[in-house]
Amino acid sequence: MAEAIYDAMGSVLTRWTMGSAAAPAAAVWSAELGAEPAEAELRLLALSGQFLGVAVTAEPPELRVLPDIPALALPTVPEALRPLVHRILNAFKETQRKTELLDFLAARGWTTHPAEWMPTANDEDAPDVYAPWRDWAGIAASNCVVRRQAGDRLTADNWEDFWPAARKVALTELRRRDPEVARAVLEAKLASENADVRLPLLSLLATGLSEADIPFLEGIAANDRAPKVKALAASLLARLSRGPTVGEDIAELAGFFSVKMKGLLRRSRVIQFENVKTPAQMHRRAALLESADIASLARALMLTPQELVDAWNWDVDRQADAALVGLVARTGTDSLVAQTAEAASQCNASAFLATLTPRLVPGQRSELAEKVLRTRGFSFDVAKTIAGGTARLENPMTAPAGTALLAALRRDDAKPSDELTELFALGLIASRAAARQALERLNGAGLLQGDPRLDMLRLNAALDDNGAEP
């Protein structure tokens, strides 16, 4: 039957190409086409289209049965709030804002429903709670046989039994619980991974970093194939005061600074900036600061890193302020990062706090965000950049940013799309009680309860806070 239809289709297509009626040439379908000529052409068109569609469609590949999407350690948001989460996720295209929302939900003890958001295997910024979904996405995108998900503690022997995201989470937990064992696992397996995998795995050593890690890090810094991995190892070594030996570059860099004494009764040291009168000199200083480490620079100035930060002359040279903040963030100890953030928050250098905050724990980040909101008059968006999605600030509307927000919304020329960024940031950083208070203030200022700009605040106010305090 099929061969007869094939034979007939040649004549049918030829007639149609020439603009002639083709039904008389399709005798094989004469019964189905009927006697009325125009109707027969339409029926022939439908039948031939279906036949050719079936004939040219490739045979589907063998169907593959994927494992069920695994359950996460945290529950999905309540059913009633899913539409709100869906709308917020779709309102912003930027990956950073979606990550902030995911961090917010995880901090409150919730996760998204998979119909609203699913990570890809490479979503490194997704909170750790989504690691099973990242690995599921990796399984779905690959042709690999599903490996056994080991339930035991990660070891060098069962390394391959873990999919990448679960392996990273397991290694993170192992590093927190037993730093020595975690490093030993890395020493055995790191070299077998590619550079894109080695880099985030090596960064896990920042947790519990100690002098016991020095030999391993020195080997990586000297022998790894990837410059970015070597640079990370050097950065971790610098945090352990094992930066480059004081040499010509450090001596040259130290020449851009001098240590003076100030005060009549309470004498204290202050850093004075030297030799930056020309663009070439400023460029050279910046280049040297990018390659230096804070401990070596402090030694060259005959100070400790803590004394160097104490003596720093903030707000005189913003380029130098930014360079110092970057230098401390890259090579300073955790305590020095906290000290520098505290110092910078008291002056205009607080604009550079976002460089330091990734090195701080959530509680420290929230305290800094609260401080710059109250004392520096920063916007909610800047505070959100400092605190991330895990803050729970009380009464943020009483800060200058709240006053500025209400004034902007009450302007005669205010548009329905104005202040979207500020309102989203406010919704992220406020506590649940503060979100409810903010909604009342904003409704009183004339914003409708259904205004989509208030979605993040509404989600915050409606979502139970089941998370741990930062």
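Residues numbered from 1 in each chain as written. Predicted model: local features only at pLDDT ≥ 70, side-chain atom pairs only at ≥ 80, totals over all residues. Heavy atoms only, no water.

1. Quick word on the side chain of Ser235
Structurally, the position occupied by Ser235 is in helix α11 (residues 227-239). Given the relative accessible area of 8%, Ser235 is considered buried. Not counting residues within four places of it along the chain, the set of residues in contact with Ser235 comprises Arg330 and Thr331. (Helix = DSSP H or I, 4+ residues; strand = E, 2+ residues; numbered from the N terminus. Buried < 20%, exposed > 50% of the residue type's maximum accessible area, 1.4 Å probe, protein only. Contact = heavy atoms within 4.5 Å.)

2. Structural notes on the packing of aromatic side chains
For the structure shown, the criterion picks out seven aromatic pairs. Note on Phe257 and Phe273: the rings are 5.9 Å apart at their centroids and 70° apart in plane angle, and the pair reads as edge-to-face. Of this pair, Phe257 sits in strand β1 (residues 257-262) while Phe273 sits in strand β2 (residues 268-273), placing them 16 residues apart in sequence. Per residue, the accessibility class of Phe257 equals that of Phe273, and both read buried. Arranged with centres 6.3 Å apart and planes meeting at 65°, the rings of Trp312 and Trp314 form a pair that is edge-to-face. Neither Trp312 nor Trp314 differs from the other in exposure class; each is buried. What links up through ring pairs into an aromatic cluster is the set Phe257, Phe273, Trp312 and Trp314. (Phe/Tyr/Trp six-rings, centres within 6.5 Å; stacked < 30°, edge-to-face > 60°.)

3. With respect to the packing of helix α5 (residues 95-107) against helix α22 (residues 420-429)
Interaxial distance between α5 and α22 falls to 10 Å at its minimum, and their mutual angle equals 25°. Between α5 and α22, the angle is such that the two are roughly parallel. Judged by the twist between their axes, the crossing of α5 over α22 is left-handed. In this structure, α5 contributes Arg97, Glu100, Leu101 and Phe104 to the contact, and α22 contributes Thr421, Phe424, Gly427 and Leu428. Taken together, the residues of the contact of α5 with α22 sort by class into four nonpolar, two polar and two charged. (Axes fitted to C-alpha atoms, helices over the stretch in contact; angles between N-to-C directions. Parallel < 35°, antiparallel > 145°, perpendicular 65-115°, else oblique. Left-handed = near helix turned anticlockwise from the far one by under 90°. Nonpolar A, V, L, I, M, F, W, Y, C, P; charged D, E, K, R; others polar.)

4. Some remarks on the environment of Lys189
By the secondary structure assignment, Lys189 is in helix α8 (residues 179-189). Among the residues examined, Lys189 registers a relative accessible area of 18% and is labelled buried. Along the sequence, Lys189 and Trp159 sit 30 residues apart, while their C-alpha atoms lie 7.8 Å from each other. Setting aside anything within four residues of it in sequence, one finds Lys189 in contact with Ala156 and Trp159.

5. Considerations on helix α9 (residues 195-203)
Count 3.6 residues to each turn of an α-helix, and residues three or four apart come out pointing the same way. Along α9, the residues classified as buried are Arg198, Pro200, Leu201 and Leu202. Buried positions along α9 lie against α7 (164-177), α8, α10 (214-223) and α11. With a side-chain oxygen lying 3.0 Å from the backbone nitrogen of Asp196, the N-terminal cap of α9 falls on Asn194. (Polar contact = N/O pair within 3.5 Å; in protein donor to acceptor, adjacent residues only side chain to side chain.)

6. Here's the deal with the pattern of salt bridges
Considering all chains together, one arrives at 32 salt bridges under this definition. Between Glu116 and Arg82 there is a salt bridge whose closest N-O contact spans 2.6 Å. In this pair, Glu116 sits in the loop between α5 and α6 (131-141) while Arg82 sits in helix α4 (residues 82-91), placing the two residues 34 residues apart along the sequence. Judged by its relative accessible area of 16%, Glu116 falls in the buried class. Residues Arg458 and Asp455 are paired through a salt bridge, measuring 2.4 Å at the closest nitrogen-oxygen approach. Here Arg458 and its partner Asp455 are both found in helix α24 (residues 455-462), three residues apart, which amounts to about one turn of the helix. Pair check on accessibility: Arg458 and Asp455 agree, each one buried. (Salt bridge = Lys/Arg side-chain N within 4 Å of Asp/Glu carboxyl O.)

7. Notes on the nonpolar core
The biggest cluster of nonpolar side chains holds 68 residues, and the ones touching the most others in it are Phe257, Ile271, Leu308, Trp312, Phe380 and Leu442. In terms of residue count, the dominant contributor to this core is helix α16 (residues 318-331) (six residues). Every residue in contact with Ile271, bar those within four places of it in the chain, is listed here: Phe257, Ser258, Val259, Leu301, Leu303, Leu308, Ala311, Trp312 and Asn313. Counting 25 residues, the second-largest nonpolar core is a separate cluster that includes Trp159, Leu174, Leu201 and Leu236. (Core = buried A, V, L, I, M, F, W, Y, C linked by side-chain atoms within 4.5 Å.)

8. What to know about the environment of Gly388
Counting through the fold element by element, Gly388 comes out in the loop between α20 (380-387) and α21 (400-410). Between the C-alpha atom of Gly388 and that of Leu101, which follows or precedes it by 287 residues, the distance is 9.4 Å. Those residues in contact with Gly388 that sit more than four places away from it in its chain are Arg365 and Ile429.

9. Describing the packing of α9 against α11
Two elements in contact, α9 and α11, have axes whose closest approach is 9 Å; the angle formed by their N-to-C orientations is 10°. One finds that α9 runs roughly parallel with respect to α11. Here α9 contributes Ala195, Asp196, Arg198, Leu199, Leu202 and Ser203 to the contact with α11, which in turn contributes Lys228, Val229, Leu232, Ala233 and Leu236. For the contact of α9 with α11, the residue count by class is seven nonpolar, one polar and three charged.

10. Here's the deal with unusual backbone geometry
Where the residue is not glycine, phi is negative for most of them; where a peptide bond is considered, it is trans in most cases. Positive phi is not limited to glycine here, since Asn275 has a value of about 55°. Looking at where Asn275 falls in the secondary structure, it is placed in the loop between β2 and α13 (279-291). For Asn275, a relative accessible area of 44% puts it in the partly exposed group. You will see that Met302, though not glycine, has its phi angle at about 60°, which is positive. Topologically, Met302 is positioned in the loop between α14 (294-300) and α15 (305-311).

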